[in-house]
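Letter by letter, the chains look like this.
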Amino acid sequence: RLAMADEARARDGDGSDDGEAQRTPEGTSRGTKRRLSSPLLDYLHVRQRQTEPQGAKRGLRGALEQKQPLGLVERELPHSLVSRFDKTFASKWMDEKRVLVGTKCNHLLVLDVENNTCQEVELPCGRSVPDHAGIVAGIHSIDINPSRTLLATSAQHPADCAVLRLEDMRPVQAYSVHQDWIFGVCWLADDAFVSASRDSTVALWKVSDTDDDSFNAKPLARSEFRLEDFARGKKFRDVKYDPRNEEIFVLDTEGFLLKMDPTNNFKINSTIVLRNDKELTCMAMTDSLVCVGSQSFVTAYDTRSKEMVFDVKGCDNSLGTRSLNFQTTMLTCGGGQGHISFLDLRTQRYLDLDETGREPKQYYTTGRGWLDKNEVYYSYFQGRTIPNACYTQCWDQSGTRLFAGGGPLPFGLRGCYMGIW
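All of these numbers come straight from a predicted model, not from anything done at the bench. Residue numbers here run from 1 along each chain, matching the order of that chain's written sequence. Confidence filtering applies because this is a predicted model: local features only for residues at pLDDT of at least 70, side-chain atom pairs given and counted only at 80 or more, and all residues used for totals across whole chains, interfaces and linings. Excluded from the side-chain calculation are hydrogens and water; included are all heavy atoms of the structure.

Side note on the environment of P158
1) Next: Among the secondary structure elements, P158 is positioned in the loop between β7 (150-154) and β8 (160-165).
2) Next: For every residue, the accessible area obtained with a 1.4 Å probe (protein chains only) is divided by the maximum for its type, and the residue is called buried under 20%, exposed over 50%, and partly exposed between those limits. Looking at P158, the relative accessible area reads 4%, which means it is buried.
3) Next: As for P158 and S197, which are separated by 39 residues in sequence, their C-alpha atoms are 9.7 Å apart. A run of H or I in DSSP counts as a helix once it spans at least four residues, and a run of E counts as a strand once it spans at least two, with each numbered from the N terminus.

Written as structure tokens, this is what we have:
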């Protein structure tokens, strides 16, 4: 950075006539002021001369990433809003003021974080005869296509998925082929996406260009359904796409990360055996690095060599890591105990969030949210503090605001948490 700044000064004629500054005994240059150095000052100094080299940008971004989580302050959404829903499972920023939210009670919401209002979106039904009466599985995944014109998520039936227009939330198509709940959707292109289900299958879908409300579309490809896998409880928990190699990675509950080829009937090209295989719930991917959250650890693997890169203990004891999200060189982790932490991928350590430096602080904690004190609560949890697990979190496009959502972790308890940090 200093070299680039010196070059900029030289181009502007800042220096001695013979091109070499004369040194004083104190080590400073005659005719040249001693300049303070920091990533921000270097960046601004170069930008004054209408040049913005990538090195300066990376230096500024790296410095801000280390400090930005220190300035996060929680703003919980009002009780009157969150008390209408049960647990937030999925989220995605639409624009600078709206967030898409999926709940356990199967509501898709457009949340206005500035006005604290929400719009409920009607989901299409992919099956002519709904057979999920009494089943509340929830919306576990939301994804927006690269051109930001369409979104893919679950439909009314927990085993179906749907595509809607992002502009007006109008349904485009509904898709029905899975036999159990959908846990992950991921776009491969503007008009193609994959879905991963608890029935241990993956399906590839093509979005039609027609406007004839052609629901119940058939998949272009589907991985083989094996009854023995389904019977013993094998499930797919998440799916991510690697655009560089045109492959998808699927996380299953038996301790494997499967690399599949979506253009060849989901042929399994390779398998990564996960070191920590208890309560595998989430994963995140960037370039050739994939991170997996389990009961007690956050583990990273190189997708090319299939070797483990690092293994870091989670901040939520044995309640598990419930959500992971990459932000350049930082991994945001949401836990079952309501902790939100920030893992620096370069140092493989959590950022210290205590600005005073007196006591190490590795995480923030989600707020009180809303808890339905029902029969289950009074029978088993009366008088106990119930934290809100962070099931989902996502950064806005500016990287300055974090939406976090969740609810109580124990089975049978109803509640909801939504907050902007």
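Concerning the nonpolar core
1) Next: L81, L111, F403 and M418 are the most contacted members of the largest nonpolar core, which totals 17 residues.
2) Next: Elements that contribute at least two residues to this core include exactly α4 (79-82), β3 (98-103), β4 (108-112) and β30 (414-420).
3) Next: In terms of residue count, β30 provides more of this core than any other element does, 3 residues in total.
4) Next: Not counting residues up to four positions away in its chain, the partners in contact with F403 are T88, S91, W93, V99, V101, L111, T392, Q393, C394, M418, G419 and I420. By convention a nonpolar core is built from buried Ala, Val, Leu, Ile, Met, Phe, Trp, Tyr and Cys residues, the set being connected through side-chain atoms within 4.5 Å. What makes two residues a contact is simply this: any of their non-hydrogen atoms within 4.5 Å.

Observations concerning empty space enclosed by the protein
1) Next: The distinction between a cavity and a pocket rests on a 1 Å grid over the protein atoms alone: a 1.4 Å probe fits inside a cavity but cannot get out, while a pocket stays open yet meets protein on both sides within 12 Å along at least five of seven lines, and a residue with an atom within 4 Å of a point counts as lining. Grid points are joined across faces, edges and corners, and a volume is the space filled by probe spheres set on the points. Counted by the stated rule, this structure contains 2 cavities of 30 Å³ or more.
2) Next: Here the largest cavity defines a volume of roughly 50 Å³.
3) Next: V298, G314, C315, D316, T321, C333, G334, G335, H339, S341 and Y350 are the residues that line the largest cavity.
4) Next: Elements that contribute at least two residues to the lining of the largest cavity include exactly β23 (330-335) and β24 (339-344).
5) Next: Of all the elements, β23 adds the most residues to the lining of the largest cavity, at 3 residues.
6) Next: Residues are grouped as follows: nonpolar covers Ala, Val, Leu, Ile, Met, Phe, Trp, Tyr, Cys and Pro; charged covers Asp, Glu, Lys and Arg; every other residue, Gly included, is treated as polar. Residues belonging to the lining of the largest cavity are distributed by class as follows: 4 nonpolar, 6 polar and 1 charged.

As for the pairing of β4
1) Next: Of all 5 residues in β4, 5 are buried; the element is thus mostly enclosed.
2) Next: Burial of the side chains of β4 extends over both faces: L108, V110 and D112 are buried on one face and L109 and L111 on the other.
3) Next: Strand direction decides the pairing type here: β3 and β4, joined by 5 bridges, are antiparallel. Directly across from V101, in β4, lies its bridge partner L109.
4) Next: As consecutive antiparallel partners, β3 and β4 are separated by 4 residues, and within that stretch N106 has a phi angle of approximately 65°, a positive value.
5) Next: Of the pairings in the sheet, the one linking β4 to strand β5 (residues 117-121) comprises 5 bridges and is antiparallel in character. Only strands that DSSP links by at least two bridges are regarded as paired with each other.

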